[in-house]
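Architecture and fold: a report
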Amino acid sequence: SARIAKRIDSVLEELGVGLRPLATARIVDQFDCLRLEIAAYLELQRTVLRKEEEVHNLRVKLAKMKGEPAPPAPPGAHFSHKKRKGDDYEPPLGFIGIGKAAVAPDSGLEGAPQAASSRKRRKQ
C-alpha cells in the first residue's frame, strides 16, 4: 500500500540510501532486496508491538482479577485503545477458560473449545 511504501522510503532516507538508484541490473536487484527486507522488518516491528500490547492487556486483566492496581505500560509503548475483532467477547458468568475456549464447569471439558451447536444445546 501507499502507506507502507512511504514508511519504506523514510527508512531508506534514514539509512542514507537514495530513492532512485543507478539503474543497473545488479543495483536494482540489491535495491529490491533491501526494500523487501525493510518491509519484513516493519511487519515484524508491528507484530512485536501488537504482542507487547496483548501481554500488557493480559497483565492488566490479571491485576484486575486479583484486585491489584493495573501495572504501568512498558516504557516507550504507545498502545492504541482500539478494540480488534473478537476482543469484546466475554464468556458468561460461571464459565471456566479463557476467551472463546470457555466451557461450562459441569461439562468435564474445561478449557476445550466447543462447537456452536453444543453451546446452543447447553442453553436449552
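Just so it is clear, the model here is predicted, and its values are computed rather than measured.

1. Here's the deal with the overall build of the protein
Assigned secondary structure in the protein consists of three helices and zero strands. Traced from its N-terminal end to its C-terminal end, the protein shows the element sequence α-α-α. Looking at the protein as a whole, 11% of its 124 residues are labelled buried. Contacts spanning at least 24 positions in sequence make up 26% of the contacts within the protein whose residues lie at least 6 apart. Accessible area of the protein: about 10,400 Å², with a carbon and sulfur share of 58%.

2. Here's the deal with helix α2 (residues 25-66)
An α-helical segment advances 3.6 residues per turn. Residues three or four places apart therefore align on the same side. For α2, with 42 residues, the first-to-last C-alpha span of 62 Å sits near the 62 Å given by 1.5 Å per residue. Looking one or two residues beyond α2, the residue adopting positive phi is G67, at roughly 80°.

3. Some words on the nonpolar core
If you look at the biggest cluster of nonpolar residues, it comprises six residues: I8, V11, L12, F31, I38 and L42. Mapped onto this core, the elements with two or more residues apiece are α1 (2-15) and α2.

4. Structural notes on the pattern of salt bridges
Using the criterion set out here, one finds four salt bridges in the structure. Of the charged contacts in the structure, one is a salt bridge between D9 and R35, with a shortest N-O distance of 3.0 Å. With D9 in helix α1 and R35 in helix α2, this pair connects stretches of sequence that are 26 residues apart. Residue class for D9 comes out partly exposed when judged on its relative accessible area of 24%. In this structure, R46 and E43 form a salt bridge, with 3.4 Å as the shortest nitrogen-oxygen distance. One end of the pair, R46, and the other, E43, are both in helix α2, three residues apart, so they sit about a helical turn from each other.

5. Let's talk about the environment of P71
Note on placement: P71 falls in the loop between α2 and α3 (116-123). A relative accessible area of 28% places P71 in the partly exposed class. In this structure, the C-alpha to C-alpha distance between P71 and N57, residues 14 residues apart in sequence, is 9.5 Å. In contact with P71, not counting residues within four places along its chain, are H56, R59, V60 and A63.

Conventions adopted
- Residues numbered from 1 in each chain as written.
- Predicted model: local features only at pLDDT ≥ 70, side-chain atom pairs only at ≥ 80, totals over all residues.
- Heavy atoms only, no water.
- Helix = DSSP H or I, 4+ residues; strand = E, 2+ residues; numbered from the N terminus.
- Buried < 20%, exposed > 50% of the residue type's maximum accessible area, 1.4 Å probe, protein only.
- Contact = heavy atoms within 4.5 Å.
- Areas by Shrake-Rupley, 256 points an atom, 1.4 Å probe, with all protein chains shown as cover.
- Expected span 1.5 Å × (residues − 1).
- Core = buried A, V, L, I, M, F, W, Y, C linked by side-chain atoms within 4.5 Å.
- Salt bridge = Lys/Arg side-chain N within 4 Å of Asp/Glu carboxyl O.

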